[in-house]
Amino acid sequence: MSDPKKLFIKTYGCQMNVYDSERIAETLGGSGYTQVESADDADMILLNTCHIREKAAEKVYSELGRFRPLKEARPDLRIGVAGCVAQAEGEEIIRRQPMVDLVVGPQSYHRLPDMERRLAKGERAIDTDFPEEDKFDHLPGRRRANRAPTAFLTVQEGCDKFCAFCVVPYTRGAEVSRSADRILEEARMLAADGVREVTLLGQNVNAYHGAGADGEWDLARLIWALSEINGLERIRFTTSHPNDMNEALIEAHRDCAKLMPYLHLPVQSGSDKVLKAMNRKHTAADYIGLISRIRAARPDLLLSGDFIVGFPGETEADFEDTLSLIREVGYGQSYSFKYSTRPGTPAAERAQVDEATKTDRLHRLQALLSEQQTDAQEAMVGREVGVLFEKVGREPGQLIGKSDHLHAVSAPAHESLIGQIGRVHITAALSNSLSGVLTTG
Ligand code: 5AD
Ligand code: SF4
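Residues numbered from 1 in each chain as written. Chains lettered and ligands numbered in written order. Predicted model: local features only at pLDDT ≥ 70, side-chain atom pairs only at ≥ 80, totals over all residues. Heavy atoms only, no water.

J.: Describe the overall build of the chain, naming the residues involved and giving the relevant values.
T.: Helix and strand counts for the chain come out as 13 helices and 21 strands. Over its C-alpha trace the chain gives a radius of gyration of 22 Å, about what one expects of a compact globule, namely 22 Å for 441 residues. Taking the principal axes of its C-alpha atoms as reference, the chain extends roughly 60 × 60 × 50 Å. Per-residue burial for the chain yields a buried fraction of 55% across its 441 residues. Summarising the internal contacts of the chain: among those between residues at least 6 apart in sequence, 71% fall at separations of at least 24. Accessible area of the chain: about 19,100 Å², with a carbon and sulfur share of 50%. Side chains of the chain give 54 positive and 65 negative charges; the mean places of these two sets differ by 2 Å. (Helix = DSSP H or I, 4+ residues; strand = E, 2+ residues; numbered from the N terminus. Rg over C-alpha atoms; globule rule 2.2 N^0.38 Å. Buried < 20%, exposed > 50% of the residue type's maximum accessible area, 1.4 Å probe, protein only. Contact = heavy atoms within 4.5 Å. Areas by Shrake-Rupley, 256 points an atom, 1.4 Å probe, with all protein chains shown as cover. Lys, Arg positive; Asp, Glu negative; His and termini not counted. Charge placed at Lys NZ, Arg CZ, Asp CG, Glu CD.)

Structure, rendered in structure tokens:
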């Protein structure tokens, strides 16, 4: 048998890309590829790309430039671009970087084995279709040894909401939910391989509405079914839209012990005028009311959010509305961005806020958010939390894992506890993590 060919994948962007990269590696495994950690002696390099902001997309071209010497030294090396830049830019990528052999959009990963055969014949392969068939029905199963104790699981993909700033409806396509059966089957395989925690992924995950055993299931129903799988101890989901947060899901946060007390619920802005211009279809008061209902159901929930500053038309007063929403709501974790003009989206055509103003607002926003994040971490000191240990730490004898609230936690513990949930008494909050001591084995 010939030696396995080496596949190097570099992943950018969101967690769905991390999930996709794993599925791509599994698919190309059937074509004789093994995944490797370095590009240097790879037979194929794949960049799994993100198009969400301009910087993310531009990174792809600079990275491709860095691979040019490798391609010149070894013309047999295959270079591919997958993901959202591939979807958005298609053949344009090859025009800008003629050394690229393969361009594949997110809905066509199941076609990679065919595409790889074309590459082997020295041809180029480009596929940015939104195929009729569901890629998930054609990707290989997921049994594998040596899995990490946490895994992502895509349950829904795409978006029909068309926020005025966002490329996702164009790069990931229309909103589609996978069937509950297939998701449960995948989760059972993961649990059998030692996975203890799954994060359900979707660009609009709480809009999930997949076919279930008895009609259509919403996300809460799916979570309850997943919670019955033996070995699976923790369930999370991301990313949600406020308008899809239904009562059943709020109740699941109250009643389902396996659903972790963490919720990523982006609001983007605290100004009603900007929210309207963004086509978010809710007001700041709607969001604040929703948060208080969720917190009534699950008081210790840690909330995370996304914010955009400098959206076209955002005034100082609008921005201050965002700061006051943040003060009122209180976030334990957050992601904030300067608005980035994305060609083809409605907001790209509008009068833009200047860069210096965006930078200034981002700094002020991040100062407040980082204060809140520190407060949330410090509030954990003295508490006992569940920690799923994932790996050994930098210091000898230490393990690192994530708490129920998704804080990184380190504690002295034996390696045999990797993959298990321990109870940890938190003794200190460091800059980006917590440390503590085990209270039980
Ligand atoms: N500019 C800046 N941030 C953006 N996001 C999405 N599109 C843009 C854009 N054009 C942010 C939003 C979203 C997160 C994934 O990325 O906050 O929730
Ligand atoms: Fe980036 Fe959005 Fe694509 Fe994820 S889905 S990789 S965030 S553009």
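J.: Lay out the site of ligand 2 in plain terms, naming residues and giving numbers.
T.: Around ligand 2, a shell composed of Cys14, Asn17, Thr49, Cys50, His51, Ile52, Cys84, Val168, Arg172 and Gln203 is seen. Considered class by class, the residues forming the shell around ligand 2 number five nonpolar, four polar and one charged. (Near = heavy atom within 4 Å. Nonpolar A, V, L, I, M, F, W, Y, C, P; charged D, E, K, R; others polar.)

J.: Quick one: what's the story with helix 7 (residues 180-192), residue by residue and with numbers?
T.: Helix length check: helix 7 (13 residues) gives 18 Å between terminal C-alpha atoms against 18 Å at 1.5 Å per residue, within 8%. Looking at helix 7, one finds that the buried residues are Ala180, Ile183, Leu184, Glu186, Ala187, Met189, Leu190 and Ala191. Tucked into the core, helix 7 has its buried residues touching helix 1 (15-29), strand 7 (150-154), strand 10 (197-201), strand 11 (209-212), strand 12 (215-218) and helix 8 (219-226). With its phi angle positive at about 100 degrees, Gly194 sits one or two positions after the end of helix 7. (Expected span 1.5 Å × (residues − 1).)

J.: Which residues make up the side chain of Thr49, and what values go with them?
T.: Inspection of the secondary structure puts Thr49 in strand 3 (residues 44-49). For Thr49, a relative accessible area of 0% puts it in the buried group. Reaching out from Thr49, the side chain makes a polar contact with the backbone nitrogen of Val85 at a distance of 3.0 Å. In this view, Thr49 contacts Tyr12, Asn17, Val60, Val81, Ala82, Gly83, Cys84, Val85 and Ala86; residues no more than four positions away in its chain are not counted. (Polar contact = N/O pair within 3.5 Å; in protein donor to acceptor, adjacent residues only side chain to side chain.)

J.: With reference to specific residues and values, describe the site of ligand 1.
T.: Close to ligand 1 lie Ile52, Arg53, Phe165, Gln268, Asp306, Ile308, Phe337, Lys338, Tyr339, Ser340 and Arg342, which account for all nearby residues. Gln268 has a polar side-chain atom sitting 2.6 Å from an oxygen atom of ligand 1. Between Ser340 and ligand 1, the recorded distance is 2.8 Å, taken from a backbone N or O atom to a nitrogen atom. Relative to its free-state accessible area of 400 Å², ligand 1 is covered by the protein chains to the extent of 87%. Where the shell around ligand 1 is concerned, the elements lending two or more residues are strand 15 (302-309) and strand 16 (333-338).

J.: So, the pairing of strand 20 (residues 421-429): which residues are in play, and what are the values?
T.: Looking at chain direction, strand 17 (residues 384-392) and strand 20 are connected through five bridges and run antiparallel. Its bridge partner being in strand 20, Leu388 is matched across the sheet by Ile421. Taken together, strand 20 and the strand that follows it, strand 21 (residues 434-438), pair antiparallel across an intervening segment of four residues. (Pairing = 2+ DSSP bridges.)

J.: Can you explain the nonpolar core? Please cite residues and give values.
T.: Leu200, Leu222, Phe237 and Tyr331 are the most contacted members of the largest nonpolar core, which totals 55 residues. If we ignore the near neighbours within four places in the chain, the residues touching Leu222 are Val155, Ala180, Ile183, Leu200, Tyr208 and Trp217. Counting residues in each nonpolar core, the second largest holds 24 residues, with Leu47, Tyr61, Met99 and Val100 among its members. (Core = buried A, V, L, I, M, F, W, Y, C linked by side-chain atoms within 4.5 Å.)

J.: Can you explain the packing of helix 8 against helix 9 (residues 247-255)? Please cite residues and give values.
T.: Put simply, helix 8 and helix 9 touch, their axes get as near as 8 Å, and they point 30 degrees apart. Classified by the angle their axes make, helix 8 and helix 9 are roughly parallel. Within the contact between the two elements, helix 8 uses Leu219, Ala220, Ile223 and Trp224 and helix 9 uses Ala248, Leu249, Ala252 and Asp255. In the contact of helix 8 with helix 9, the residues fall into seven nonpolar, no polar and one charged. (Axes fitted to C-alpha atoms, helices over the stretch in contact; angles between N-to-C directions. Parallel < 35°, antiparallel > 145°, perpendicular 65-115°, else oblique.)

J.: Explain the pairing of strand 10 to me, using residue names and the numbers behind them.
T.: Along strand 10, five of the five residues are buried, which leaves the element largely enclosed by surrounding structure. Side chains Glu197, Thr199 and Leu201 of strand 10 all project onto a buried face; the interleaved residues Val198 and Leu200 project onto the opposite face, where all are buried too. Pairing geometry for strand 7 and strand 10, over five bridges, is parallel. From the neighbouring strand, Thr150 faces strand 10, where its bridge partner is Glu197. Looking at chain direction, strand 10 and strand 13 (residues 234-238) are connected through five bridges and run parallel. Among the inter-strand pairings, Leu200 is bridged to a residue of strand 13, identified as Phe237.

J.: Give a detailed account of a negative patch on the surface, specifying residues and quantitative values.
T.: Together, Asp272, Asp286, Glu320 and Asp321 make up a region of like negative charge exposed at the surface. Of note, Asp286 is situated in helix 11 (residues 284-297). (Patch = residues over 30% accessible without salt bridge, like charges linked within 9 Å, V, L, I, M, F, W, Y side chains within 5 Å. Salt bridge = Lys/Arg side-chain N within 4 Å of Asp/Glu carboxyl O.)

J.: Would you mind going over the sheet that holds strand 13 in detail, with residue names and values included?
T.: With parallel pairing, three strands are arranged side by side in an open sheet as 7-10-13. Strand pairing shows two members of the sheet lacking a second neighbour, strand 7 and strand 13, which therefore form its edges. On average, adjacent strands in this sheet sit at an angle of 25 degrees to one another, irrespective of strand direction.

J.: Please provide a residue-by-residue account of the sheet that holds strand 15, values included.
T.: In spatial order, the strands read 14-15-16; together these three strands make up an open sheet with parallel pairing. The open sheet has two free edges, formed respectively by strand 14 (262-264) and strand 16, since each of these has just one partner strand. The average angle at which neighbouring strand axes cross in this sheet is 10 degrees, direction not considered. As defined by bridge partners, strand 15 adjoins strand 16 across six bridges and the pair is classed as parallel.

Any functional reading would require information beyond the geometric quantities listed.
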